[in-house]
Amino acid sequence: MIYLILDILILLSLFLMVIKLILGPTAWDRVLAFASMSSKISIISLIYAITKGFFVMIDIIIIFLVLNLWE
């Protein structure tokens with residue numbers, strides 16, 4: 001149950017980041033919105049991997065997060 005509430009809150013913040021990505025007044029705001037979106041997507045994937053027991057997926061998420069640092 002707590003994972004469902006956590007997913008809903010993260011999806012709500014992800015929706016707000018999409019709005020910031022579209023309406024951001026500067027390019028820097030859009031870059032920050034994209035970086036935080038990719039971090040939130042990896043957190044949602046991590047929660048899914050933990051709840052379903054897909055522990056191999058955690059390695060893929062770590063690689064995605066490392067690649068996210070290069071933005």
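Conventions adopted
- Residues numbered from 1 in each chain as written.
- Predicted model: local features only at pLDDT ≥ 70, side-chain atom pairs only at ≥ 80, totals over all residues.
- Heavy atoms only, no water.
- Helix = DSSP H or I, 4+ residues; strand = E, 2+ residues; numbered from the N terminus.
- Buried < 20%, exposed > 50% of the residue type's maximum accessible area, 1.4 Å probe, protein only.
- Contact = heavy atoms within 4.5 Å.
- Lys, Arg positive; Asp, Glu negative; His and termini not counted.
- Charge placed at Lys NZ, Arg CZ, Asp CG, Glu CD.
- Phe/Tyr/Trp six-rings, centres within 6.5 Å; stacked < 30°, edge-to-face > 60°.
- Axes fitted to C-alpha atoms, helices over the stretch in contact; angles between N-to-C directions.
- Parallel < 35°, antiparallel > 145°, perpendicular 65-115°, else oblique.
- Nonpolar A, V, L, I, M, F, W, Y, C, P; charged D, E, K, R; others polar.
- Left-handed = near helix turned anticlockwise from the far one by under 90°.
- Polar contact = N/O pair within 3.5 Å; in protein donor to acceptor, adjacent residues only side chain to side chain.
- Salt bridge = Lys/Arg side-chain N within 4 Å of Asp/Glu carboxyl O.

Asker: Residue-level account of the overall build of the protein, with values.
Answerer: Broken down by element type, the protein carries three helices and zero strands. A buried classification covers 17% of the 71 residues belonging to the protein. Pairs at least 24 residues apart make up 45% of the contacts formed inside the protein by residues separated by at least 6 positions. For the protein, the distance from the average position of its 4 positive side-chain charges to the average position of its 4 negative side-chain charges is 8 Å.

Asker: Pulling in residues and values, what's your account of the packing of aromatic side chains?
Answerer: In this structure the tally under the stated criterion is one aromatic pair. Judged by centre distance (6.0 Å) and plane angle (55°), the rings of Tyr48 and Phe54 are tilted.

Asker: How would you explain the packing of helix α2 (residues 27-52) against helix α3 (residues 56-68) if you had to name every residue and give the values?
Answerer: In contact at an axis separation of 10 Å, α2 and α3 are set at 170° when each is read in the N-to-C sense. Classified by the angle between their axes, α2 and α3 sit roughly antiparallel to one another. On α3, the residues touching Ala35, Ser38, Ser39, Ser42, Ser45, Leu46, Tyr48, Ala49 and Ile50 of α2 are Met57, Ile58, Ile61, Phe64, Leu65 and Asn68. Here the contact of α2 with α3 is built from residues that sort into 10 nonpolar, five polar and no charged.

Asker: If you had to explain the packing of helix α1 (residues 2-23) against α2 to someone new, which residues and values would you point to?
Answerer: One can describe the packing of α1 onto α2 by two numbers: an axis separation of 9 Å at closest approach and a directional angle of 160°. In terms of orientation, α1 lies roughly antiparallel with respect to α2. Between α1 and α2 lies a crossing whose hand is left-handed.

Asker: Could you give me a rundown of the side chain of Asn68, with the residues and numbers involved?
Answerer: Inspection of the secondary structure puts Asn68 in helix α3. In this structure the side chain of Asn68 is engaged in a polar contact, spanning 2.9 Å, whose partner is the side chain of Ser38. One polar contact links Asn68 to Ser39, side chain to side chain, over a distance of 3.3 Å. Look past the residues within four positions of Asn68 in its chain and what remains in contact with it is Ala35, Ser38 and Ser39.

Asker: How would you explain the side chain of Asp29 if you had to name every residue and give the values?
Answerer: On the secondary structure map, Asp29 appears in helix α2. There is no salt bridge for the buried Asp29, and the closest opposite charge comes from Lys20, which lies 4.1 Å off by N-O distance. At a separation of 3.1 Å, a polar atom in the side chain of Asp29 contacts the side chain of Thr26. Apart from residues lying up to four places away in sequence, Asp29 is in contact with Lys20 and Gly24.

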